[in-house]
Amino acid sequence: MLRYVGKRILMLIPVMLGVSLIVFCMIYFTPGDPAEYMLGVDATPEAVAAMREQLGLNGTFLEQYIRYIGKIITRFDFGTSYSTHRSVTTEILDRFPNTFRLALLSMVVSAVLGIILGIISATKQYTIFDNMASAFALIGTSMPSFWFGLMLIIWFCLKLKWFPPSGFDTPAQWVLPTICLGLGSTATVTRQTRSSMLEVIRQDYIVTARSKGQLESVVVLKHGLKNAMMPIITVIGNSFGVHLGGAMLTETVFSIPGIGKMMVDAIAIKNYPVVQGGVLFIALCSSVVNLLVDLLYAYIDPRIKAQYSKKKVKKPAANQKTKGVA
Amino acid sequence: MPDIMENSAELKKQNQLLEVWKSLKKNRLAVFGLCLTILLILVAIFADVIAPYDPYSNDLANTFCYPCRAHLFGTDNMGRDQFSRVVYGARISLLVGISTSLFGMIGGIILGSIAGYYGSHTETVIMRAMDIFMAIPGTLLAMSIMAVLGQGVGNTILALGIGAVPRFTRVVRSAVLGVKGNEYIEAAQAIGASSFRIITKYIVVNSLAPIIVQTTMNVASAILAATSLSFIGLGVQPPTAEWGSMLSAARPYIRDYGFLVLYPGLAIMATIFGLNLFGDGLRDALDPRLKN
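### Comments concerning the overall build of chain A
Thought 1: Secondary structure summary: chain A contains 15 helices and 0 strands in total.
Thought 2: Whereas a compact globule of 326 residues would reach a radius of gyration of roughly 20 Å, chain A reaches 26 Å, over 25% beyond that.
Thought 3: Each principal axis of the C-alpha atoms in chain A carries an extent, and together these give about 85 × 80 × 30 Å.
Thought 4: Across the 326 residues of chain A, 47% fall into the buried class.
Thought 5: In chain A, the proportion of contacts linking residues at least 24 apart, taken out of those at least 6 apart, comes to 70%.
Thought 6: When the accessible surface of chain A is summed, it comes to about 17000 Å², and 67% of that surface belongs to carbon and sulfur atoms.
Thought 7: The averaged location of the 18 negative side-chain charges in chain A is 18 Å from the averaged location of its 31 positive side-chain charges.

Written out as structure tokens, the structure is:
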């Protein structure tokens, strides 16, 4: 198992190097000189040259790339923001708590709601409950989050005045963005729970559990849900990974100072170091979450755990056999 | 003899299509989705006939007109008829959605079939490169590409198309791996057919079902992504009548004129809803194994 974890972590390295190369290439081949952009059109050629030196823009493509990666690896330095002149690492770390909180809240909401709706839908298949849950899931996946956010603002902030329309400091400000971001994933989790529960419910062991007189709730939750959980966890994990990378639209609509809003603003003013650093950070986040989801599988599913510890189990058995023969 | 063979092949093809249609027809939701999609296509084609006004002509005497008989969806801050703009918006969205999916599909077929057919190092290189692209969330990748390329319809298609290639490549590769082991491929190799001919004539043609499903689903996600890009000011630019940029332009006025954001959003939702329903139904009809 440890070897598997180690291997997976090692595999992250080439992926992250690849991502950094893609981002670096994109920015490198963009027309325009960042040094001139930072100093303005009136800057003297000497000042521009000095700024280029400072930004590490001199030398060939490879030299620049190696310098960029070197700084990240040795000092965790992603460069300096063109607009605020602060380090990109600080910019990212300042905003990350907001993004993390939003992603976590919407994950919890969508997991709880989605699983409940999915179970109701599957256990009461083809009833009015099932149809309503399915309709909700279909609408939820089709609704653009930024539009839903605007609608929430119009109703709950401007008309009813229940919640503030922007910011992310107080719990009252968390409600609408969480609903906005959570809707899409709730819909996906509902659909996934329904389909995997339907598959599990028809298995023989469910019939066995019922025939031995087990409570229906125990049958559904312990025998059913537990066995249907794997694909549901994948869906929840994936959406958490994506949201952690910045819910760009939700954060923009509700003016939340998170990673997503930072990226949208940075792209709008061509603040390349922030774009580069942000993309790398986001890719790292989603890769780490994917890795954790895979590890979670091994933790909750004894079949997968057995697969990894197969060699360990086999060896003592073989030894015993040889001992016996001897 | 060849005539009979050709005829029977033609008949088989027709039968397959008929089977798919029969199975699709039974799924009422899918038929509803198909109708919505066809309606959208018709609106896009006949936009000039349907739209009562020019979507770009300003009428400063009639700004912020509430929905009424003369202006079904009201008018915006420039007095432009919202209904006409929503109708014309269907053209852009459909154009972006379909072109992006075709771009992704062609890229995915080329890379996926090469990876699946040749295997070994070629496959490793292609698939690892796709993993790298997949590590960057789709919208973010498109945004970064747009930041470099600049705004506009063409660049939106290119940015979203590049982002769609890895997903198509994965789908095509796994379909190709499923087809590759069949005897008719071995037979084609035995009679000395070139790799190009085997890939184009036998492998791709026999892996079409999942590719078609992925393409349909991708049209929906591409339309959603394109409207998102326009909403944050990176995609199609105002004054072009596009649903995302209409929403973005209406944002400052939502306090008093909420109807301005209602209709473009409903148009996006209906489009995605229809395409998703149709895509789901098509997937079930084309490949019952994928039903769940």
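### Structural notes on the packing of helix H6 (residues 128–142) of chain A against helix H8 (residues 171–201) of chain A
All names here are of chain A.
Thought 1: Contact geometry for H6 and H8: axes closest at 8 Å, N-to-C directions at 135°. Viewed along their axes, H6 and H8 adopt a mutual orientation that is oblique. Judged by the sense of rotation from one axis to the other, the crossing of H6 with H8 is left-handed. Across the interface between the two elements, Asp130, Ala133, Ser134, Phe136, Ala137, Leu138, Gly140 and Thr141 of H6 pack against Leu183, Gly184, Thr186, Ala187, Thr188, Thr190, Arg191 and Arg194 of H8.
Thought 2: A breakdown of the residues in the contact of H6 with H8 according to their chemical character gives 6 nonpolar, 7 polar and 3 charged.

### Focus on empty space enclosed by the protein
Residue and element names in this part refer to chain B.
Thought 1: Scanning the model with the defined rule gives 1 cavity of 30 Å³ or more in all.
Thought 2: Put simply, the largest cavity is a space of about 90 Å³.
Thought 3: At the level of elements, helix H4 (82–118) and helix H11 (243–250) are the ones that each hand at least two residues to the lining of the largest cavity.
Thought 4: Per-element accounting of the lining of the largest cavity gives the leading share, 3 residues, to H11.
Thought 5: Along the lines of polarity and charge, the residues of the lining of the largest cavity split into 5 nonpolar, 2 polar and 3 charged.

### Section: the confidence of the model for chain B
As a general rule, the predicted coordinates of low-pLDDT regions are not to be interpreted in detail.
Residues and elements named next belong to chain B.
Thought 1: In this model, chain B carries an average pLDDT of 87, and 93% of its residues clear a pLDDT of 70 or more.
Thought 2: For chain B, per-element mean pLDDT is lowest for helix H1 (residues 2–26), which scores 72, and highest for H4, which scores 94.
Thought 3: Among the scores for the predicted complex, ipTM is 0.85 and pTM is 0.86.

### Overview of the pattern of salt bridges
Thought 1: Enumeration over the complete set of coordinates arrives at 16 salt bridges over all chains.
Thought 2: One salt bridge connects Arg128 of chain B with Asp131 of chain B, and the closest N-O pair in it is separated by 2.9 Å. With Arg128 of chain B and Asp131 of chain B both in helix H5 (residues 120–134) and 3 residues apart, the pair spans about one turn of that helix.
Thought 3: Residue Arg128 of chain B is classed as partly exposed on the basis of its relative accessible area of 46%.
Thought 4: Taken together, the shared-partner salt bridges connect Arg86, Glu91, Asp94 and Arg95 of chain A into one network.

### Things to note about the layout of surface pockets
Thought 1: Each pocket or cavity is described by its volume, and for the second largest pocket that value is around 810 Å³.
Thought 2: Looking at the second largest pocket, it is lined by 33 residues, and the ones nearest its centre are Ile27, Pro34, Leu55, Leu57 and Tyr82 of chain A.
Thought 3: Breaking the lining of the second largest pocket down by element, the ones donating at least two residues are helix H1 (2–28), helix H2 (34–39), helix H3 (45–55), helix H4 (61–75) and helix H13 (272–300) of chain A together with helix H6 (138–149) of chain B.

### Topic: the domain arrangement of chain B
Residues and elements named next belong to chain B.
Thought 1: Per the domain assignment, the segments of chain B are domain 1 (1–31) and domain 2 (78–290).
Thought 2: With 6 residues of domain 1 at the interface, the matching set in domain 2 holds 7 residues.
Thought 3: On inspection of domain 1 and its partner domain 2, the count reaches 0 salt bridges.
Thought 4: Connecting domain 1 to domain 2 are 0 residue pairs in polar contact (both at pLDDT 80 or more).
Thought 5: At the level of secondary structure, the elements contributing two or more residues to the side of domain 1 that touches domain 2 comprise H1 and helix H2 (28–45).
Thought 6: For the side of domain 1 that touches domain 2, the element with the highest residue contribution is H1, accounting for 3 residues.
Thought 7: Of the residues belonging to the side of domain 1 that touches domain 2, the class tally is 4 nonpolar, 2 polar and no charged.

### Some points on a nonpolar patch on the surface
All names here are of chain A.
Thought 1: Side chains of Phe100, Leu104, Val108, Val112, Ile116, Ile120, Ile128, Phe129 and Met132 sit close together on the surface and give an oily, nonpolar patch of about 820 Å² of accessible area.
Thought 2: Contributions of two or more residues to the nonpolar patch are made by helix H5 (88–123) and H6.
Thought 3: The greatest single-element share of the nonpolar patch, amounting to 6 residues, is contributed by H5.
Thought 4: Within the element layout of this structure, Met132 appears in helix H6.
Thought 5: Residue class for Met132 comes out exposed when judged on its relative accessible area of 55%.

### A word on the interface of chain A and chain B
Thought 1: Listed per partner, the contact involves 37 residues of chain A and 36 residues of chain B.
Thought 2: For the pairing of chain A and chain B, the buried interface totals around 3500 Å² over both sides, and the portion due to carbon and sulfur atoms is 79%.
Thought 3: On the chain A side of the contact with chain B, Phe146, Trp147 and Ile267 of chain A bury the most area, a combined 17% of that side's loss.
Thought 4: At the junction of chain A with chain B, the criterion picks out 1 salt bridge.
Thought 5: The partner of Arg191 of chain A in a salt bridge is Asp280 of chain B, and the shortest N-O contact between them spans 2.3 Å.
Thought 6: In this structure, the connection of chain A to chain B is made through 6 residue pairs in polar contact (both at pLDDT 80 or more).
Thought 7: Contributing elements (two or more residues each) for the side of chain A that touches chain B: H1, H6, helix H7 (145–159), H8, helix H11 (248–253), helix H12 (259–268) and H13 of chain A.

### Brief notes about the environment of Leu280 of chain A
Residues and elements named next belong to chain A.
Thought 1: Note that Leu280 resides in helix H13.
Thought 2: By relative accessible area, which is 8% here, Leu280 ends up buried.
Thought 3: Expressed as a C-alpha distance, the spacing of Leu280 and Ser20, which sit 260 residues apart in the sequence, is 6.3 Å.
Thought 4: Beyond its immediate sequence surroundings of up to four residues, Leu280 is in contact with Met16, Val19, Ser20, Tyr68, Ile72 and Phe78.

### Quick notes on the packing of aromatic side chains
In this description, a pair of aromatic rings is defined by centroid distance and the angle of the planes.
Thought 1: Across all of its chains, the model carries 21 aromatic pairs over all chains by this definition.
Thought 2: Between Phe146 of chain A and Phe231 of chain B, the aromatic rings sit 4.6 Å apart at their centres with planes inclined by 25°, giving stacked as the arrangement. In this pair, Phe146 of chain A is assigned in helix H7 and Phe231 of chain B in helix H10 (residues 208–231), connecting two distinct chains.
Thought 3: An aromatic cluster is defined as three or more aromatic residues linked by ring pairs; in this entry it consists of Phe24, Tyr28, Phe61, Tyr65 and Tyr68 of chain A.
Thought 4: Looking at Lys159 of chain A, its charged tip hangs above the ring of Trp155 of chain A, at a distance of 4.9 Å from the centre.

About the criteria used
Residues numbered from 1 in each chain as written. Chains lettered and ligands numbered in written order. Predicted model: local features only at pLDDT ≥ 70, side-chain atom pairs only at ≥ 80, totals over all residues. Heavy atoms only, no water. Helix = DSSP H or I, 4+ residues; strand = E, 2+ residues; numbered from the N terminus. Rg over C-alpha atoms; globule rule 2.2 N^0.38 Å. Buried < 20%, exposed > 50% of the residue type's maximum accessible area, 1.4 Å probe, protein only. Contact = heavy atoms within 4.5 Å. Areas by Shrake-Rupley, 256 points an atom, 1.4 Å probe, with all protein chains shown as cover. Lys, Arg positive; Asp, Glu negative; His and termini not counted. Charge placed at Lys NZ, Arg CZ, Asp CG, Glu CD. Axes fitted to C-alpha atoms, helices over the stretch in contact; angles between N-to-C directions. Parallel < 35°, antiparallel > 145°, perpendicular 65-115°, else oblique. Left-handed = near helix turned anticlockwise from the far one by under 90°. Nonpolar A, V, L, I, M, F, W, Y, C, P; charged D, E, K, R; others polar. 1 Å grid on protein atoms, 1.4 Å probe; cavity = no way out; pocket = protein on both sides within 12 Å on 5 of 7 lines; lining within 4 Å. Points joined across faces, edges and corners; volume = space filled by probe spheres on them. pLDDT = per-residue confidence, 0-100. Salt bridge = Lys/Arg side-chain N within 4 Å of Asp/Glu carboxyl O. Domains from an automatic or database assignment. Polar contact = N/O pair within 3.5 Å; in protein donor to acceptor, adjacent residues only side chain to side chain. Patch = residues over 30% accessible without salt bridge, like charges linked within 9 Å, V, L, I, M, F, W, Y side chains within 5 Å. Buried area = accessible area lost by both parts, 1.4 Å probe. Phe/Tyr/Trp six-rings, centres within 6.5 Å; stacked < 30°, edge-to-face > 60°. Lys NZ or Arg CZ within 6 Å of the ring centre and 35° of its normal.

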